[in-house]
Amino acid sequence: MSLLRVESLSVQTGDTVLVSNLSFSLAPGERLGLIGESGSGKSLTALAMTGLLPRQLDASGSVLLAGEEVIGGSDRQLNTLRGKAVAMVFQEPLTALDPLMRVGKQIAEPAARRAKRDGTSIMGGALDAIVVDLLLEVALPDPQRIALAYPHELSGGQRQRVAIAMALACKPDLLIADEPTTALDVTTQAEILGLLDGLVRKRDMALLFISHDLPVVANTVERVVVLRRGEAVETGLVTNVFAQPRHDYTRSLLQAARSFDDALGGKR
Ligand SMILES: Nc1ncnc2c1ncn2[C@@H]1O[C@H](COP(=O)(O)OP(=O)(O)OP(=O)(O)O)[C@@H](O)[C@H]1O
């Protein structure tokens, strides 16, 4: 059974269609990339899949996540799904973090919620231990100190690790990573990508990976959907699509990525 089945998904505002008739599915543990130029509808697709679209946008079609319909779902139903079946990591970690709360508490909250949904209760020292384990899992040194820090006391890379720990605390079946490294410097980007890749494999999570960086996409996912102006122009195994693109648009994306790499002297 699919973990995620998107069928004829469209997103519009008034008469403007931003995502059009999109269909794809994701099996448990599978890794899928969503690529396309800026403004092609990647983030809106991810938001529609989690019921997080801004109010002025309307979604139609169907998004079945862990067997439950997201489109038109109630806040209560979607909150449960978001804390259990799916978690997101965004481009800018500060979007996910509360500036006024110590990061340990921010990780403890989803961990306690998840335990409650599983019919157990975790508090006090047991919850602190889970937070420390999660901080270690995202390779943050000195987790006791980090747990007591506020987001502004951490570097961008450390903040993204905390955001990933918060997502892991939900124990999701599906992780959506929307340009998770764009806001970071190149060395930190590579570290965070390596971390995400390892965690997804270790925990056997499905991954929806949104990125501009085609070499990274090629190394991270198994299948890819190419979006252009809100429409899927090509879908397939990433090795096939990148080696033998069928659509001119995919060819131009790959060409642009090659030119960029050449300009860097193939140093990436
Ligand atoms: N709240 C909104 N109201 C109206 N239009 C929007 C809204 N949010 C996004 N759009 C438009 O929808 C289109 C798709 O946006 P989206 O953010 O999904 O693109 P993207 O592929 O994720 O781009 P990027 O790679 O730059 O993040 C764009 O034309 C954008 O301007």
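Residues numbered from 1 in each chain as written. Predicted model: local features only at pLDDT ≥ 70, side-chain atom pairs only at ≥ 80, totals over all residues. Heavy atoms only, no water.

1. Examining the sheet that holds strand β7 (residues 174–178)
Move 1: In spatial order, the strands read β6-β7-β8-β3-β9-β10; together these six strands make up an open sheet with mixed pairing. Each of the sheet's edge strands pairs with one partner strand only, and the pair in question is β6 (86–89) and β10 (231–237). This sheet shows a mean twist of 15° between the axes of neighbouring strands, independent of strand direction.
Move 2: Where strand β3 (residues 31–35) lies against strand β8 (residues 206–210), four bridges are found, and the strand directions are parallel. (Pairing = 2+ DSSP bridges. Helix = DSSP H or I, 4+ residues; strand = E, 2+ residues; numbered from the N terminus. Axes fitted to C-alpha atoms, helices over the stretch in contact; angles between N-to-C directions.)

2. Brief notes about helix α4 (residues 103–117)
Move 1: In this model α4 runs 22 Å from its N-terminal to its C-terminal C-alpha over 15 residues, within 8% of the 21 Å that 1.5 Å per residue would give.
Move 2: Taken together, the buried positions of α4 are occupied by Val103, Gly104, Gln106, Ile107, Ala108, Pro110, Ala111, Arg114 and Ala115.
Move 3: In the core, the buried residues of α4 are packed alongside α2 (75–84), α3 (93–96), α5 (124–137), α6 (143–147) and α7 (156–169).
Move 4: The first or second residue beyond α4 is glycine 119, which carries a positive phi of 85°. (Expected span 1.5 Å × (residues − 1). Buried < 20%, exposed > 50% of the residue type's maximum accessible area, 1.4 Å probe, protein only. Contact = heavy atoms within 4.5 Å.)

3. Side note on unusual backbone geometry
Move 1: One non-glycine residue with positive phi stands out, namely lysine 171, at about 45°.
Move 2: Exposure remark for lysine 171: the relative accessible area of 48% places this residue in the partly exposed category.

4. Section: the nonpolar core
Move 1: One finds Ile107, Val162, Ile164, Leu175 and Phe242 to be the most contacted residues of the largest nonpolar core, which totals 50 residues.
Move 2: If one sorts the elements of this core by residue count, α7 sits on top with seven residues.
Move 3: Residue assignment places this core across two domains, with domain 1 (1–85 + 173–268) and domain 2 (93–171) each supplying three or more.
Move 4: Those residues in contact with isoleucine 107 that sit more than four places away from it in its chain are Val131, Leu134, Leu135, Val162, Ala165, Met166 and Ala169. (Core = buried A, V, L, I, M, F, W, Y, C linked by side-chain atoms within 4.5 Å. Domains from an automatic or database assignment.)

5. So, the site of the ligand
Move 1: Taken together, the neighbourhood of the ligand is formed by 14 residues, with Ser38, Gly39, Lys42, Ser43 and Leu44 sitting nearest.
Move 2: Serine 43 is positioned with one of its side-chain polar atoms (N or O) 2.9 Å from an oxygen atom of the ligand.
Move 3: Here glutamine 56 contributes a side-chain N or O atom positioned 3.2 Å from a nitrogen atom of the ligand.
Move 4: The fraction of the free accessible surface of the ligand (640 Å²) that becomes covered by protein chains is 64%.
Move 5: Looking at which element gives the most residues to the shell around the ligand, the answer is helix α1 (residues 42–49), with three residues.
Move 6: Class assignment of the residues belonging to the shell around the ligand gives a composition of four nonpolar, seven polar and three charged. (Near = heavy atom within 4 Å. Polar contact = N/O pair within 3.5 Å; in protein donor to acceptor, adjacent residues only side chain to side chain. Areas by Shrake-Rupley, 256 points an atom, 1.4 Å probe, with all protein chains shown as cover. Nonpolar A, V, L, I, M, F, W, Y, C, P; charged D, E, K, R; others polar.)

6. Structural notes on the side chain of glutamate 30
Move 1: Within the secondary structure, glutamate 30 is located in the loop between β2 (16–26) and β3.
Move 2: Exposure remark for glutamate 30: the relative accessible area of 14% places this residue in the buried category.
Move 3: Excluding anything up to four places from it in sequence, glutamate 30 contacts Ser25, Ala206, Leu207, Glu222 and Arg223.

7. Section: the pattern of salt bridges
Move 1: Under the defined criterion, the tally for this structure stands at 11 salt bridges.
Move 2: Across the pair glutamate 30 and arginine 223 runs a salt bridge, and its minimum N-O distance is 2.6 Å. Taken together, the residues span a long stretch of sequence, with glutamate 30 in the loop between β2 and β3 and arginine 223 in strand β9 (residues 223–228) at a distance of 193 residues. Across this residue pair, the class does not change: glutamate 30 and arginine 223 are buried.
Move 3: Here arginine 161 ties to glutamate 191 by a salt bridge, and the two come within 3.4 Å at their closest N and O atoms. With arginine 161 in helix α7 and glutamate 191 in helix α8 (residues 186–203), the pair connects residues that are 30 residues apart, well separated along the chain.
Move 4: Assessed through its relative accessible area of 42%, glutamate 191 is described here as partly exposed.
Move 5: What emerges from the salt-bridge pattern is a single network uniting Glu137, Lys202 and Arg203. (Salt bridge = Lys/Arg side-chain N within 4 Å of Asp/Glu carboxyl O.)

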